[in-house]
Amino acid sequence: MWKQGILLLLFLTFAVGLFAQPKPDRAQFERIREAREAFISERLLLSPAEAKAFFPVFWKYDSAMRTKRKEIIGRRQQHLNAASSALSEEEALKLLMARRRHRQEVLKLQLEAEDEFLRVLPAAKVARLESAEKAFREQLWEKTRQRRGSRHGG
């Protein structure tokens, strides 16, 4: 129980420091990463051994997903530009198939990550990972909105 309290305190310390700086920089991104790790560890109730085994795998796939998303965003912009013009039936079908391939690439990466996570964590903890990630993102956005509101007199 005291470990959870320490993790929560660590998370809050990082979160407060995270929002103290106006511009994102490398140090701020590192603080977000540390806060995310502490948050996930607490939410999944990871033991120190589990965290040590899990996070290298987690960060590897997180990096791969960020790279994949950047690729897809670039392709999606090309597709949106193409879709805004009059497309022939053949061009529209190619566009739809390309979108499908992009979704399949993301799904493949997600499934690979899940398989790797299952090698180092029990299924019950892996099953809760997505909701822990979502909760962290929501909390991060809320803190960002609050900070922006206080800076702009809101």
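Residues numbered from 1 in each chain as written. Predicted model: local features only at pLDDT ≥ 70, side-chain atom pairs only at ≥ 80, totals over all residues. Heavy atoms only, no water.

The subject of this paragraph is the pattern of salt bridges. Summed over the entire model, instances satisfying the criterion amount to 11 salt bridges. In this structure, Arg36 and Glu133 form a salt bridge, with 2.7 Å as the shortest nitrogen-oxygen distance. Placement of the pair is Arg36 in helix α2 (residues 26–44) and Glu133 in helix α5 (residues 123–151), with a sequence separation of 97 residues. Side by side, Arg36 and Glu133 carry an identical accessibility label, which is buried. One salt bridge in this structure joins Glu138 and Lys134, with 3.8 Å as the shortest N-O distance. With a gap of 4 residues between them, Glu138 and Lys134 both fall in helix α5, about one helical turn apart. On the basis of relative accessibility, which here comes to 44%, the residue Glu138 falls in the partly exposed class. When salt bridges that share partners are traced, they join Arg36, Asp62, Arg66 and Glu133 into one network. (Salt bridge = Lys/Arg side-chain N within 4 Å of Asp/Glu carboxyl O. Helix = DSSP H or I, 4+ residues; strand = E, 2+ residues; numbered from the N terminus. Buried < 20%, exposed > 50% of the residue type's maximum accessible area, 1.4 Å probe, protein only.)

The subject of this paragraph is the confidence of the model for the protein chain. Mean pLDDT over the protein chain stands at 83; residues scoring 70 or higher make up 77%. Per-element mean pLDDT across the protein chain ranges from 46 in helix α1 (residues 2–18) up to 95 in α2. Residue range residues 5–14 is modelled with pLDDT below 50. Its contacts to residues more than four positions away, or to other chains, number 13 contacts. (pLDDT = per-residue confidence, 0-100. Contact = heavy atoms within 4.5 Å.)

With that settled, the discussion passes to unusual backbone geometry. A positive phi is found at Leu45, a non-glycine position, where the angle reads about 55°. Summarising the element assignment, Leu45 is placed in the loop between α2 and α3 (48–84).

Before going further, it helps to examine the packing of aromatic side chains. Under the defined criterion, the tally for this structure stands at 9 aromatic pairs. Relative to Phe58, the ring of Phe54 lies with its centre 5.4 Å away and its plane at 35°, an arrangement referred to as tilted. Taken together, the residues span about one helical turn, with Phe54 and Phe58 both in helix α3 at a distance of 4 residues. For the residue pair Phe54 and Phe58, the accessibility class agrees, reading buried in each case. Ring plane angle 80° and centroid distance 5.8 Å describe the contact between Phe55 and Phe58, whose orientation is recorded as edge-to-face. Placement of the pair is Phe55 and Phe58 together in helix α3, with a separation of 3 residues, close to one helical turn. Neither residue differs from the other here; Phe55 and Phe58 are each classed as buried. (Phe/Tyr/Trp six-rings, centres within 6.5 Å; stacked < 30°, edge-to-face > 60°.)

The next subject is α2. Relative to the 27 Å expected for 19 residues at 1.5 Å per residue, α2 spans 27 Å between its end C-alpha atoms, a close match to the ideal helical length. Every buried residue of α2 is listed here: Gln28, Arg31, Ile32, Ala35, Arg36, Ala38, Phe39, Ile40, Ser41 and Leu44. One side-chain oxygen at the N-terminal end of α2 lies 3.2 Å from the backbone nitrogen of Ala27; it belongs to Asp25. At the exit of α2 stands Leu45, carrying a positive phi of roughly 55°. (Expected span 1.5 Å × (residues − 1). Polar contact = N/O pair within 3.5 Å; in protein donor to acceptor, adjacent residues only side chain to side chain.)

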